[in-house]
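Examination of the molecular architecture
What follows is each chain in one-letter form.
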Amino acid sequence: MNNVFNLMTTILGDENVAYDVCRFLEGRQTKPTVAELTRINGVGEATANKVLACMELSATYMVGTNSTVFSNPDDIARRFCSLKYENQEHLYVLTLDSANHEVGCHEVTCGLVNKTPFHPREVLRYALMDNAVSVILCHNHPSGSTDPSQEDLGITRVLAAACKIMQIAFLDHLIVSRSGYYSICRTNPEIFETTIKS
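Model, not experiment: these values are computed from the prediction.

Within the protein chain, the secondary structure is distributed over 8 helices and 5 strands. The buried share among the 198 residues of the protein chain stands at 44%. Sequence-distant contacts in the protein chain: of pairs separated by 6 or more residues, those separated by 24 or more amount to 59%. Counting only carbon and sulfur atoms, one obtains 50% of the accessible surface of the protein chain, whose full area is about 10,700 Å².

Below, the discussion takes up the pattern of salt bridges. Within the structure shown, the criterion is met by 2 salt bridges. Across the pair Arg-78 and Asp-75 runs a salt bridge, and its minimum N-O distance is 2.5 Å. In this pair, Arg-78 and Asp-75 both sit in helix α5 (residues 73-79), 3 residues apart, roughly one turn of the helix. Note on Arg-78: relative accessible area 37%, which makes it partly exposed.

Analysis parameters
- Residues numbered from 1 in each chain as written.
- Predicted model: local features only at pLDDT ≥ 70, side-chain atom pairs only at ≥ 80, totals over all residues.
- Heavy atoms only, no water.
- Helix = DSSP H or I, 4+ residues; strand = E, 2+ residues; numbered from the N terminus.
- Buried < 20%, exposed > 50% of the residue type's maximum accessible area, 1.4 Å probe, protein only.
- Contact = heavy atoms within 4.5 Å.
- Areas by Shrake-Rupley, 256 points an atom, 1.4 Å probe, with all protein chains shown as cover.
- Salt bridge = Lys/Arg side-chain N within 4 Å of Asp/Glu carboxyl O.

So this is what it looks like as structure tokens:
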């Protein structure tokens, strides 16, 4: 927590408040609200908004505004780092060109706490719309676990088969949570015809 604490102290200008804010944010599953932050001693509405703005800015900075090249699972995890705060499952498809630059990022579906329904055609629709050469799938686990369920693996296999028919490379399926991320391609490369570096 040292680096985060030092940055928070610089931003807020008070070590005690910065420490309490860092402790409050540590291990959270969802993005805090102004009302929650103002319950911390020494944090008013202006300070709470400053903390939230910094969180949003850091996520935007990590994602970037220029076309990003995805060369390994770490790049994908950085792109979807803000998903760890969500309390429902969200499934996204990232469409890429022949050089693995991002073409588009689309939310395919948003589901319940532990399940989000989807069909491969919904992913392929965005890939065709963007004239994508390849796709990457990413969803979050609000539970905090990054372990793929049997359903996650099954969906990955079905999408891999559909992409093969459509001649669209399926590069990876990432699971993101507050405890980190899991690359299905890294642990189950046999599912994928084409892979990015691990």
